[in-house]
Amino acid sequence: SVTIPCLLDAQADRRFANNQPHSLKLLLRHLNNLNFKNIEVFHPHNAEVVEAMLDNVTILDNSKFINTVLFDIKTPPSTLTQFKNENSLILMSTDAGGFKPLMKLADKLKWKGEVYSASKSRSTEIPGLLHQQVDRQDFQGKDILIIDDICVKGGTFVGLAKMLKTRNCGKLYLAVSHMTVTDFNEELTHLYDGVFITNSKNLPHGQVSAKGVDLTILNYK
């Protein structure tokens, strides 16, 4: 058996067209050829693609990680018994693609609060041009926890935080399962009241602390 904390090039799940990288496809084929009895993969970018292409696979979801994050941000330092009302916290995905897995997560956690999705629009005339959208003008001072699978450069989370801060939200938190950046975007820690990641990817603590970045690193399982 083998456990894969961070699947290599997991975001290549949509690159099966001509002239685009097939790295994930080749990796999953290689893993199948190794004939493992069981392969555990922690929170891949698209679990359905991994399950369809990989034999004997068990997907480790992010429910334990997010449950720990919720406990941390909902529990004041002065007491471990009084939790904030779930109605004061919103779970949010960065786009429509992340909303379905977020709803599954909320169901597994028996979350009774609100689950919301931001969205993105792309230009067909200018390749690569991406616009983020939030259709609500007033979040009524509620705290927001943005949940995603991966942070590559952090631009999506920076842009979304800046937009939310103009929409009457409370505290902003970010929880991503995989932090793959080599040059951490310190703007994240200026915009968010808490940034949570797992140890699925080897992130040097010295490098992080030397830059003055305040991260909470949790076990992925």
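Residues numbered from 1 in each chain as written. Predicted model: local features only at pLDDT ≥ 70, side-chain atom pairs only at ≥ 80, totals over all residues. Heavy atoms only, no water.

Q: Can you help me understand the overall build of the protein chain in this one?
A: A tally of regular secondary structure across the protein chain gives seven helices and 11 strands. Within the protein chain, buried positions represent 41% of all 221 residues. The long-range share in the protein chain, meaning contacts at least 24 apart out of those at least 6 apart in sequence, stands at 57%. Working note: accessible area of the protein chain is about 12,300 Å², and carbon and sulfur atoms make up 49% of it. (Helix = DSSP H or I, 4+ residues; strand = E, 2+ residues; numbered from the N terminus. Buried < 20%, exposed > 50% of the residue type's maximum accessible area, 1.4 Å probe, protein only. Contact = heavy atoms within 4.5 Å. Areas by Shrake-Rupley, 256 points an atom, 1.4 Å probe, with all protein chains shown as cover.)

Q: Would you mind going over unusual backbone geometry with me for this structure?
A: Trans peptide bonds make up most of the peptide bonds, and negative phi angles are found at most residues other than glycine. At K110, a position not held by glycine, the phi torsion is positive, near 55°. With respect to the helices and strands, the residue K110 is situated in the loop between α4 (99-108) and β5 (114-117). Its relative accessible area of 63% is what places K110 among the exposed residues. The phi torsion at N168 lies on the positive side, around 55°, for a residue other than glycine.

Q: Which parts of the structure should I look at to understand the pairing of strand β8 (residues 143-151)?
A: Two faces make up the sheet, and in a regular strand the side chains alternate between them. Counting buried residues in β8 gives nine out of nine residues, a clear majority hidden from the surface. As defined by bridge partners, β8 adjoins strand β9 (residues 172-179) across seven bridges and the pair is classed as parallel. Within the sheet, the bridge partner assigned to L145 lies in β9 and is Y173. The parallel pair β8 and β9 is bridged by helix α5 (residues 155-164), and the resulting crossover is right-handed. (Pairing = 2+ DSSP bridges. Right-handed = clockwise from strand over helix to strand, strands pointing away.)

Q: I tried to follow the pairing of β5 on my own but got confused; where do I start?
A: In this structure, strand β4 (residues 89-93) lies alongside β5, joined through four bridges in parallel fashion. For I90, the partnering residue across the bridge sits in β5 and is E114. After leaving β4, the chain enters α4 and then returns to the sheet as β5, a path that is right-handed.

Q: Help me out: how do you make sense of helix α3 (residues 63-74) in this one?
A: An α-helical segment advances 3.6 residues per turn. Residues three or four places apart therefore align on the same side. Over its 12 residues, α3 runs 16 Å from end to end, which matches the ideal 16 Å to within 8%, given 1.5 Å per residue. Residues of α3 that are buried include every one of S63, F65, I66, V69, L70, I73 and K74, and no others. Projected down its long axis, α3 shows its buried positions confined to an angular sector of 155°, all on one face. Structurally, α3 contributes buried residues whose contacts are with β4, α4, β8, β9, β10 (194-198) and β11 (216-218). (Expected span 1.5 Å × (residues − 1). Arc of directions from axis to C-beta.)

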